[in-house]
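# Survey of secondary and tertiary structure
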Amino acid sequence: MTLKTDHLAGGQFYIRVQDALANAPIRANFRKAMDGLMHKRATALEDTQERESLRELAANVRLRALARLPELLIQLEKKCQSQGIQVHWAQDAQQACEQVLAICQQRQARTVIKGKSMVSEEMELNHFLAEAGIEALESDLGEYIVQLAQETPSHIIMPAIHKNTQQISQLMHEKTGTQLSHDVAYLTECARQQLRERFQQADIGLSGVNFAVAETGTLCLVENEGNGRLTTSVPSCHIAVMGIEKVVEHLEDVTPLLSLLTRSATGQAITTYFNMISRPRQPDEKDGPEVVHLILVDNGRAHLYQDPELRDTLRCIRCGACMNHCPVYTRIGGHAYGTTYPGPIGKILMPHLTGFANNAALPSASTLCGACAEVCPVKIPIPDILVRLRREAVNGDQINPSVMAEKGFKRTWKEALAWQLWAYLAQRPRLYQIATKIARLGHYWMPQSLGAWTQVRTAPRPAAKSLSQLRRDAEKSL
Amino acid sequence: MHTSSSSKVAPLYTNAAPAQQASHRLKVYPPKPQKVYFFATCLVDLFYPDAGMAGIQLLEQQGIEVLYPQTQTCCGQPAYTSGYHDQARAVAQAQFDLFPEPWPIVLPSGSCAGMMRQHYPQLFANTPEQANAQAIANRVFELTDFLLHVCQLQLKDEGKPIKVALHTSCSARRELGIAHVGETLLDQLAQVERIEPKRTSECCGFGGTFAVRHPQISAAMVEDKTQALIDAAPHFVTTDCGCLMNIQGHAEKTRLKLQGEHLLSFLWRRTQNDA
Ligand code: SF4
């Protein structure tokens, strides 16, 4: 569940982290999976020169698109409409859900089959439709497993990565009556059979969008299982939901993005399927939906877009590499974040989607090690954005005042005073030296406990003489 | 149902400034200078003065005069990463006057060098000090990087055979891009066998205030890092005091036989006759 109303999200984060860290299978599953994914990416992008020039290109494709985002969206809308796609604009998750529901009702639909879509997770669409009596069934294998377990995805590319084969086997046995088996091929085949029937019966197919090309009105969908193609071609109606940032200018802009997306995500040179959708079924065509809808979801993005620095967040192409390489994500797993998007991208994106205070602990939960930015295919400076969010959270800069709606929500007079005191000393070298001297002497009577630090470490021991003292001594003896 | 673009959604800002491309400024190594400014950093000053002395001695051995401004305090990084940029700026600016002549500024810390080199320009953007901050940033070098690339340091090993694992800080590795420096310097030492620990590029979990704000995650990380280093060798060296304090502190607390040392101390010690 996302934390829409939970103002104690900061506190909840710590509890979830504690649970995750104490959960040995979770830790083992993530460690193993992330090690594997890091290795695959490294192998797929071995040629560092090619990799770096591609990243530069991809970053520029995204920057160019974002610089013209408003125009491109209008262009996309016009082009899609001219090709027979119905375009809708949703300001927030609620409105997007209502638009999906309205289409369902219009078509008297009972079941919706879904390809993988993180935006639909963001909308909590399945829940919304269920309340309206409409069944939404996930067809991506990982999403299917997560749905069986009544969980949420723990990773944006591999939703069920927190489970190992044994756990999946057990789950499918309990929920669908399959044999207990560690044979991945058998389990996959079972799921495939179960899903095939559902495709035939579904009234509507709903998918996400990886890239939308403004110039040609093409919706691109990247997938491996063929479920995306079935979702968008078997039911008589296809609804595509996409975040408004997913648009690019030209068809050729897709090439570098796709090439980096698959290699960054899973180390694949290309996925098994790449779907390009530009119109409903034409009279001379044998398959495809009669009706295609595109829902453009804002949900906080347009607001985020207005800040030139924070806007970089919208470059993201959702490859998941930042979480695969994140030492924090690897330890705590995706669910501990309590957000739709976990990991580094989640930390910088969620405050704009579900509120800053609702995601209070996220910006500080990073060592700023930079592993995310190092691998990000579109070169989002994630650590810099995290620092920016920390500044926003404490309203810490008078020259560049904070701009976010909940700016300064984390500022406490105690912490502010402590930093002021520190700054006061650090601008007065004499006082500062006295203070460090006190710290040095103080260590003899200071308890060997410094709260959180000393739970797993010894307290640092100041040296008998500071370096500046040693230098003074040396200069005197000359 | 079929809504048009204009009715439902708030208008987007059509003339918002285009996003800026974060590009790394090119680092230019100067010719070997007569003098350098030595910025010790607060952790070296207070906890690891030996590392600072070793750095100074290595520089002096190169015939470089080391200017040590006695009124230096801190680069401002702790406040900066905590979001208190007014305070970070005030403290950073208090250091500007320490370096009046155009000599390079060297630091025995990747993390503080990263702060001054990569973040000062942006921290002082839109202030009267902008040009000054940029000029200072351009003169900042992490000390081992400076020794290797500016001084062309050649080390002669005087010590006994030893196995050593190197832990390069994330700021040295990713912010400054100098992960190869520690490796190259260690590999110059004939009797030192450098063993690469597992997942060598992974963060040790220090992260400044992160270690106390998120102690559980930090603990999980330092635990793994310490284990990886022990599995490699009983002795490890590192370029940054934060990592050293974190990893060594954990090894001591859990009574693991792992001995840590600042890379500069190690390099100096190995090249002395009585090593
Ligand atoms: S932020 Fe970068 S690395 Fe992370 S999911 Fe987005 S594109 Fe991939």
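Definitions and cut-offs
- Residues numbered from 1 in each chain as written.
- Chains lettered and ligands numbered in written order.
- Predicted model: local features only at pLDDT ≥ 70, side-chain atom pairs only at ≥ 80, totals over all residues.
- Heavy atoms only, no water.
- pLDDT = per-residue confidence, 0-100.
- Contact = heavy atoms within 4.5 Å.
- Domains from an automatic or database assignment.
- Buried area = accessible area lost by both parts, 1.4 Å probe.
- Near = heavy atom within 4 Å.
- Nonpolar A, V, L, I, M, F, W, Y, C, P; charged D, E, K, R; others polar.
- UniProt positions renumbered as here; feature names shortened; annotations may be inferred.
- Helix = DSSP H or I, 4+ residues; strand = E, 2+ residues; numbered from the N terminus.
- Phe/Tyr/Trp six-rings, centres within 6.5 Å; stacked < 30°, edge-to-face > 60°.
- Buried < 20%, exposed > 50% of the residue type's maximum accessible area, 1.4 Å probe, protein only.
- Lys NZ or Arg CZ within 6 Å of the ring centre and 35° of its normal.
- Core = buried A, V, L, I, M, F, W, Y, C linked by side-chain atoms within 4.5 Å.
- Axes fitted to C-alpha atoms, helices over the stretch in contact; angles between N-to-C directions.
- Parallel < 35°, antiparallel > 145°, perpendicular 65-115°, else oblique.
- Expected span 1.5 Å × (residues − 1).
- Salt bridge = Lys/Arg side-chain N within 4 Å of Asp/Glu carboxyl O.
- Pairing = 2+ DSSP bridges.
- Left-handed = near helix turned anticlockwise from the far one by under 90°.

The name given to chain B in an unreviewed UniProt entry is L-lactate dehydrogenase complex protein LldE, with the source organism recorded as Allopseudospirillum japonicum.

As annotated in an unreviewed UniProt entry, chain A carries the name L-lactate dehydrogenase complex protein LldF and comes from Allopseudospirillum japonicum.

So, on to the confidence of the model for chain B. Mean pLDDT over chain B works out to 90, with 90% of the residues at or above the 70 mark. Within the model, the stretch residues 1–24 of chain B combines pLDDT values under 50 with 51 contacts to residues more than four positions away or in other chains.

Another point: the domain arrangement of chain B. Often the size quoted for an interface is simply the accessible area lost on bringing the parts together. Residue and element names in this part refer to chain B. Segmentation of chain B into domains returns domain 1 (18–149) and domain 2 (162–270). For domain 1 versus domain 2, the separation of C-alpha centres amounts to 22 Å. Carbon and sulfur atoms make up 70% of the area that domain 1 and domain 2 hide from each other, which totals about 2200 Å². When residues of domain 1 are sorted by the area they lose upon contact with domain 2, Tyr 48, Thr 144 and Leu 148 head the list and together hold 26% of the total.

In the neighbourhood of the ligand, the contacting residues comprise Cys316(A), Ile317(A), Arg318(A), Cys319(A), Gly320(A), Cys322(A), Ile345(A), Cys376(A), Pro377(A), Val378(A), Ile380(A) and Ile382(A). When the residues that make up the shell around the ligand are grouped by side-chain class, the tally is 10 nonpolar, one polar and one charged.

Let us now look at the UniProt feature "domain: Cysteine-rich" (unreviewed entry) in chain B. Following the UniProt record, one finds the feature "domain: Cysteine-rich" (unreviewed entry) at residues 36–117 and 164–247 of chain B. Helix makes up 52% of residues 36–117 of chain B and strand 11%, and the two end C-alpha atoms of the span are 16 Å apart.

So, on to the packing of aromatic side chains. Each aromatic ring pair is described using two quantities: the centre-to-centre distance and the angle formed by the ring planes. Per the stated rule, a full pass over the model turns up 16 aromatic pairs over all chains. Summarising the aromatic geometry, the rings of Tyr29(B) and Phe141(B) are spaced 6.0 Å apart at their centres and angled 25 degrees between planes, so their arrangement reads as stacked. Note that Tyr29(B) is positioned in the loop between α1 (5–8) and β1 (35–38) and Phe141(B) in strand β4 (residues 140–142), a separation of 112 residues in sequence. Residue classification places Phe141(B) among the buried residues on the basis of a relative accessible area of 3%. Seen from the ring of Tyr424(A), Arg428(A) lies directly overhead, with NZ or CZ sitting 3.7 Å from the centre. Note that Arg457(A) overlies the ring of Trp453(A), its terminal NZ or CZ placed 4.3 Å from the centroid.

Turning to the nonpolar core, a few remarks are in order. One broad rule of soluble globular proteins: the nonpolar side chains tend to lie buried together. Counting 121 residues, the largest nonpolar core has Val100(A), Met123(A), Leu129(A), Leu294(A) and Ile332(A) as its most contacted members. Of the residues forming this core, the biggest block, seven residues, is contributed by helix α5 (residues 93–106) of chain A. Ranked by size, the runner-up nonpolar core spans 74 residues in total, among them Trp419(A), Ile64(B), Leu98(B) and Val150(B).

Now for the packing of helix α22 (residues 467–477) of chain A against helix α3 (residues 49–61) of chain B. Their axes nearest at 9 Å, the elements α22(A) and α3(B) cross at an angle of 45 degrees. What the angle tells us is that α22(A) and α3(B) run oblique. On the side of α22(A), the interface is formed by Leu467(A), Leu470(A) and Arg471(A), while α3(B) contributes Pro49(B), Gly52(B), Met53(B), Ile56(B) and Glu60(B). When its residues are assigned to classes, the contact of α22(A) with α3(B) shows five nonpolar, one polar and two charged.

This part covers α3(B). All names here are of chain B. Between its first and last C-alpha atoms α3 spans 18 Å; for 13 residues at 1.5 Å apiece the expected length is 18 Å, and the two agree. Taken as a whole, α3 has its buried residues at Pro 49, Ala 51, Gly 52, Ala 54, Gly 55, Ile 56, Leu 58 and Leu 59. Within two residues after α3, Gly 63 carries a phi angle of roughly 80 degrees, on the positive side.

This part is about the interface of chain B and chain A. Opposite the 84 residues of chain B that make contact, chain A presents 94 residues. We note a salt bridge from Arg331(A) to Glu202(B), for which the minimum N-O separation is 2.8 Å. By residue number, the principal contributor to the side of chain B that touches chain A is helix α12 (residues 215–232) of chain B, which donates nine residues. The residue inventory of the side of chain B that touches chain A, partitioned by class, reads 42 nonpolar, 30 polar and 12 charged.

Residue and element names in this part refer to chain A. Strands sit in the order β8-β5-β6-β9 across an open sheet of four strands; the sheet is mixed. Edge positions in the open sheet fall to β8 (247–248) and β9 (273–277), since each of these has one partner strand only. Strand direction decides the pairing type here: strand β5 (residues 211–213) and strand β6 (residues 218–223), joined by three bridges, are antiparallel. Residue pairing for β6: Phe 211 is matched across the bridge by Cys 220. In the packing of helix α12 (residues 254–265) onto the sheet, the strands contacted are β5, β6, β8 and β9, and the crossing angle to β5 comes to about 175 degrees.

Here we come to the packing of helix α8 (residues 141–148) of chain A against helix α9 (residues 165–176) of chain A. All names here are of chain A. Here α8 crosses α9 at 60 degrees, and the two axes come no closer than 10 Å. Considering the relative orientation of α8 and α9, their crossing is left-handed. Touching Tyr 144, Ile 145 and Leu 148 of α8 are Ile 168, Leu 171, Met 172, Lys 175 and Thr 176, all from α9. Of the residues contributing to the contact of α8 with α9, the split by class is six nonpolar, one polar and one charged.

What follows covers the pairing of strand β8 (residues 259–262) of chain B. Summarising the sheet, strand β7 (residues 235–238) of chain B and β8(B) pair through four bridges and their orientation is parallel. For Val237(B), the partnering residue across the bridge sits in β8(B) and is Glu261(B).

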